[in-house]
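Understanding the architecture of this molecule
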Amino acid sequence: MPLDYYQDEDEKDSGSKNGRKDFDCPECNANNPLEEALADGQEVLCNYCGCEFLVKAQDNGRFKFKEV
């Protein structure tokens, strides 16, 4: 492995067996920790601004958030 190897913490967590257990709110950019990993069709609530979002999984393994 090269000495200048860098792996983004967000990318590392998104590929783990347990899944991603946090999300950044699309409205206020606050990081919100979760007890369980994100899943397609799940509804999440921003603990800071109070907005609710529906989680949609994409083919590339990333998530999109649609305001409810």
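Please refer to the structure placed before this passage.
The text that follows walks through the structure, step by step, so that each part is easy to find.

The rules we used
Residues numbered from 1 in each chain as written. Predicted model: local features only at pLDDT ≥ 70, side-chain atom pairs only at ≥ 80, totals over all residues. Heavy atoms only, no water. Helix = DSSP H or I, 4+ residues; strand = E, 2+ residues; numbered from the N terminus. Buried < 20%, exposed > 50% of the residue type's maximum accessible area, 1.4 Å probe, protein only. Contact = heavy atoms within 4.5 Å. Areas by Shrake-Rupley, 256 points an atom, 1.4 Å probe, with all protein chains shown as cover. Salt bridge = Lys/Arg side-chain N within 4 Å of Asp/Glu carboxyl O.

A closer look at the overall build of the chain
Within the chain one finds one helix and five strands. Ordered by position from N to C terminus, the α and β elements of the chain give α-β-β-β-β-β. In the chain, buried positions account for 18% of the 68 residues. Put simply, of all contacts in the chain between residues at least 6 apart along the chain, 11% involve residues at least 24 apart. Surface summary for the chain: the accessible area is close to 5,400 Å², and the carbon and sulfur share equals 44%.

Overview of unusual backbone geometry
Glycine aside, a negative phi is what most residues show, and trans is what most peptide bonds show. In this structure, asparagine 29 is a non-glycine residue whose phi angle is positive, near 65 degrees. Locating asparagine 29 in the fold gives a position in the loop between strand 1 (22-24) and strand 2 (31-33). The exposed category is assigned to asparagine 29, whose relative accessible area is 63%.

A closer look at the pattern of salt bridges
Taken as a whole, this structure holds one salt bridge when the rule is applied. Here arginine 20 and aspartate 22 are joined by a salt bridge, their closest N and O atoms 3.2 Å apart. Neither residue differs from the other here; arginine 20 and aspartate 22 are each classed as buried.

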